[in-house]
Structures are given as structure tokens and as C-alpha cells.
Amino acid sequence: MTDVIQMRGVAKSYQNFQLDHIDLTLPAGEIMGLVGVNGAGKSTTLRILMGLIAPDSGSVNVLGHSLPEQQVEAKRDVGFASEDMRLYKHKNLAWHMNFVQSFFPSWDNRYAQHLAQKFGLPLDQNLKGFSHGQRVKAALLLLLARRPGLLILDEPTTGLDPVARSEVLEELAEVLENENRSVLFSSHNTHDVEQLSDSITFLHDGRVLASEDIESFLEKWRCVRCKGDIDPQALQSSNLAEFRRSGSLINLKLDNYNDSTAAWLQSKGLEVVEVLRMTLEEIFIANVKRGRAQ
Amino acid sequence: MVEGLFLSQADSRPMYLQIMEQIKLKVVAGDWPPGFALPSIRELAAATKVSVITVKRAYRELESEGVVVTRQGRGSFVAESAGQAELRDTELNRYLVQLLDAADRLGLSADELMLCLEAALEERGKQ
């Protein structure tokens, strides 16, 4: 299988922020969610992938083209959407559709009409009168109807009401049917990305905390409730992300949980009461906390 | 057009388990008879709005349970041996285990449990 995105050791320094040797790989046909708090470096990473920012060091390859040198070739089959996407206020959606169609031979007009109806977007109204949600959906329509092989979406669901968000996610699911189409999308909200993503990359303070397929994440992490008296130092391990005590009960968040973990805890004098799965959001927070502690 | 499955965000079980259970229900109900060709992983993922890797995992687990067989290059099918009776037994067994666990917790002996069960059956028979 070929990779549609390859970033190797990509670094970029700003006065108050730096992107620290980012490695990222997205195989063809997969959907990856890029998750991080505001200011984690998500947008900078996506902008480097679009050739909008040149990295200080490292290599970037998109759809087999080296960036930023070959960005024109790479962009032909990439659809990029970000919050600051500008549309012409004094033109209507039909005008925009004709405009984009004139540049991209891959434009699918029937699909564009279907999307306009599904998103509830009027074709003949100037965009000046569109709400924020309508503008976001219009920008997405204009790139989805090109049917690009790779979609790079910066916070596509931020600021949308729940109904609009579910409409957008439902249309993204359409991409799943084709094994040659791939998506990289960012969000500060794990709920938005977890349902459709094959893999998740957690970004924090300009570093990749973890990048793995979603089933592995959910299988590896566990919240373990134990009874006993123990000094947190005795449990020190790179797998321990959180230690909290409430009376005689101890709450642990553990990475790389497996069959031998319970025996290890018992050997430390703890009695395991309950082992619970964790949500992706809890796993993300545990990752951030562990990253800070190290 | 492939029909999607019904998944719930409020269900605390992982998505792949929900997918497995819904497919088993379709087999037990006879909607998907033995030999029936399952939708491709990508078709079912797109229709259900869930990631490809999650559907892949559900199919793999169903295969190891013998509910589904995958033929190289041809896709996945409901196993000929996926007898409805057999699946029903597995389903019932899950509740039996829960019942036995509950009886344990409440400190009921085997005899007491049997008496309770008989009483409950009799009660239902009257209605």
C-alpha cells in the first residue's frame, strides 16, 4: 500500500512556538484524525502539508510529490479547507460552483447539486447573507464535489451546530466507500474524529504524543480501580498516566494494559476491583498528562 | 444500496461489539440466511458512518466465532454452520451467566435459584 502523506522530522520554529520533529504517515484509503488542544500545532502541520508554510527542516511528501517544490502537482488532487477560507461575499453559490468547475475537470456537478440540497444551501443567494454554518458547508461542498483523492480539513466541524456537524460527518463517510480516497482532518474534539477515523494522532505542544490505529488505542488503555495502600512511587512506570486516591480506593490510568498487568498490580499489594475501558477523550487527556510529567 | 446498522453513542460497549451483535441478530432473525453475502467492509462502513478499521475488526471476530466465513477475493458470507439454534444458545448463555453471577452476589444456593426460576416460570404461565 502506498502512503499519501509522509512527513519525516519536520520542524518549524516561531518566536513563541515550535513544531518539533513531526513524523506522520497516512496510507492510501485511510482516514486519520489529528487531535490536539488549541495551539498544539494542528494548523501549522496541515499548512506545511499544503505547501503554505515551508518547514525549517525535514521532508514532506504528498501524493508522491515533494513539498514545497512540487506543490502545484500535489494540489491538483488535494482538497483543503480551513477556517479562514474566503469566498466571494457578493456572488452566490451557483457562481462559485461554476468558478471551481472551470479549474477542475474532476468536478461532479450531480454530486454538487446533491450536496447543496443535503446541506440546505440556496444556490441563488449571495454568500453575504449566509450564516457561519452555511459558509463552512459551502466551502466543503466546493471541495467535495471535485472528488479529490486526498482531503485535508482543518477543524471542519468547529463552530457548527449539532445538526450541521452530523450532516458534514455523514458526507465525509461517503469517502469511505472508495479505497483510494484518504482524509486527514483535525479537531480539538475527539468525538468528531473518533467515529470515522482509522487512526488517530495526538498532537501537543508541537510534538506527536501518540499516533496509532484507533482499535489499538482503545485496546491498550484501561482505567483500573484497586484497593490497598501504596506509595505512588512504587508504581512508577512509563505506562502509568494517572494515579488518584479516594479513601481506600485507587484509580489508575494505564497504557499497554494486558493480561499480566493485574498480576503486576497484585505483586505490589493491590487488589484489583474493576477494570474499565476508556473513551478516546480520556485516552487523549491521559496522554497529555503523561507527556507533561515526563 | 447497503443498509447501515444502528449504533448508539450512548452504548458503553465498543463499536465493533455493537456491529457484531447486530449482525448476529440479523442471522438469528433469518434476514441474513446461511450463505448470504455480507456487504463489503467499505460499503458497510460508509452506510453505518463508522471507520473501516472498526468494521474490519467486527468481521474478523465474527469469523473467529464461526458466524462468518471469508473467501479470499470473494468477500464474507454467513457460515453454513451458523445455525440459528446455535446462535440462540450463545445469546441465551450470555443471560444465564449474568443470572448465575447475580445469584452468587446475592448468596443464593443452586437449589434456591432453581426454586426461584420455577416460581417465575409458573407466574408467567398464569398470565
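Computed from a predicted model, the values in this text were never measured in an experiment. (Residues numbered from 1 in each chain as written. Chains lettered and ligands numbered in written order. Predicted model: local features only at pLDDT ≥ 70, side-chain atom pairs only at ≥ 80, totals over all residues. Heavy atoms only, no water.)

**Quick word on the packing of aromatic side chains**
Using the criterion set out here, one finds seven aromatic pairs over all chains in the structure. Between A:Y88 and A:F99, the ring centres sit 6.2 Å apart and the planes meet at 80°, which makes this aromatic pair edge-to-face. On the criterion of sequence distance, the pair formed by A:Y88 in the loop between strand 6 (78–81) and helix 3 (93–103) and A:F99 in helix 3 is long-range, its members being 11 residues apart. A:F99 gets classed as partly exposed once you look at its relative accessible area, which sits at 34%. Measuring from ring centre to ring centre gives 5.2 Å for B:W32 and B:F36, while their planes differ by 20°; the resulting arrangement is stacked. The rings of A:Y88, A:W95, A:F99 and A:F103 are connected pair by pair, giving a single aromatic cluster. B:R57 extends its terminal NZ or CZ atom over the ring of B:Y16, reaching a point 3.7 Å from the ring centre. (Phe/Tyr/Trp six-rings, centres within 6.5 Å; stacked < 30°, edge-to-face > 60°. Helix = DSSP H or I, 4+ residues; strand = E, 2+ residues; numbered from the N terminus. Buried < 20%, exposed > 50% of the residue type's maximum accessible area, 1.4 Å probe, protein only. Lys NZ or Arg CZ within 6 Å of the ring centre and 35° of its normal.)

**Some remarks on a positive patch on the surface**
Where like charges cluster on the molecular surface, the positive patch consists of A:R86, A:K89, A:K128 and A:R135. Structurally, A:K89 can be placed in the loop between strand 6 and helix 3. (Patch = residues over 30% accessible without salt bridge, like charges linked within 9 Å, V, L, I, M, F, W, Y side chains within 5 Å. Areas by Shrake-Rupley, 256 points an atom, 1.4 Å probe, with all protein chains shown as cover. Salt bridge = Lys/Arg side-chain N within 4 Å of Asp/Glu carboxyl O. Lys, Arg positive; Asp, Glu negative; His and termini not counted. Charge placed at Lys NZ, Arg CZ, Asp CG, Glu CD.)

**Concerning the UniProt feature "domain: HTH gntR-type" (unreviewed entry) in chain B**
The UniProt entry lists residues 13–81 of chain B under the feature "domain: HTH gntR-type" (unreviewed entry), expressed in the numbering used here. As a span, residues 13–81 of chain B carries 52% helix and 12% strand, and end to end its C-alpha atoms are 27 Å apart. (UniProt positions renumbered as here; feature names shortened; annotations may be inferred.)

**Brief notes about the side chain of B:T48**
Structurally, the position occupied by B:T48 is in helix 2 (residues 41–48). Judged by relative accessible area, B:T48 falls into the buried class, the value being 7%. A distance of 3.2 Å separates the side chain of B:T48 from the backbone nitrogen of B:L5, its partner in a polar contact. A polar side-chain atom of B:T48 sits 2.8 Å from the main-chain carbonyl oxygen of B:L44. Apart from the residues within four sequence positions on either side, B:T48 is in contact with A:Q195, B:G4, B:L5 and B:L7. (Polar contact = N/O pair within 3.5 Å; in protein donor to acceptor, adjacent residues only side chain to side chain. Contact = heavy atoms within 4.5 Å.)

**With respect to the sheet that holds strand 13 (residues 249–254) of chain A**
Residue and element names in this part refer to chain A. Sheet architecture is open: four strands sit in the order 12-13-11-14, paired in antiparallel fashion. The sheet is open, and its two borders are formed by strand 12 (240–246) and strand 14 (271–277), each paired with just one other strand. Strand-to-strand, the axes of this sheet are offset by a mean angle of 20°, without reference to chain direction. As paired elements, strand 12 and strand 13 share six bridges and run antiparallel to each other. Each bridged residue has a counterpart across the sheet, and for R244 the counterpart in strand 13 is N251. Helix 10 (residues 280–293) contacts strand 12 and strand 14 of the sheet and is inclined by roughly 100° relative to strand 12. (Pairing = 2+ DSSP bridges. Axes fitted to C-alpha atoms, helices over the stretch in contact; angles between N-to-C directions.)

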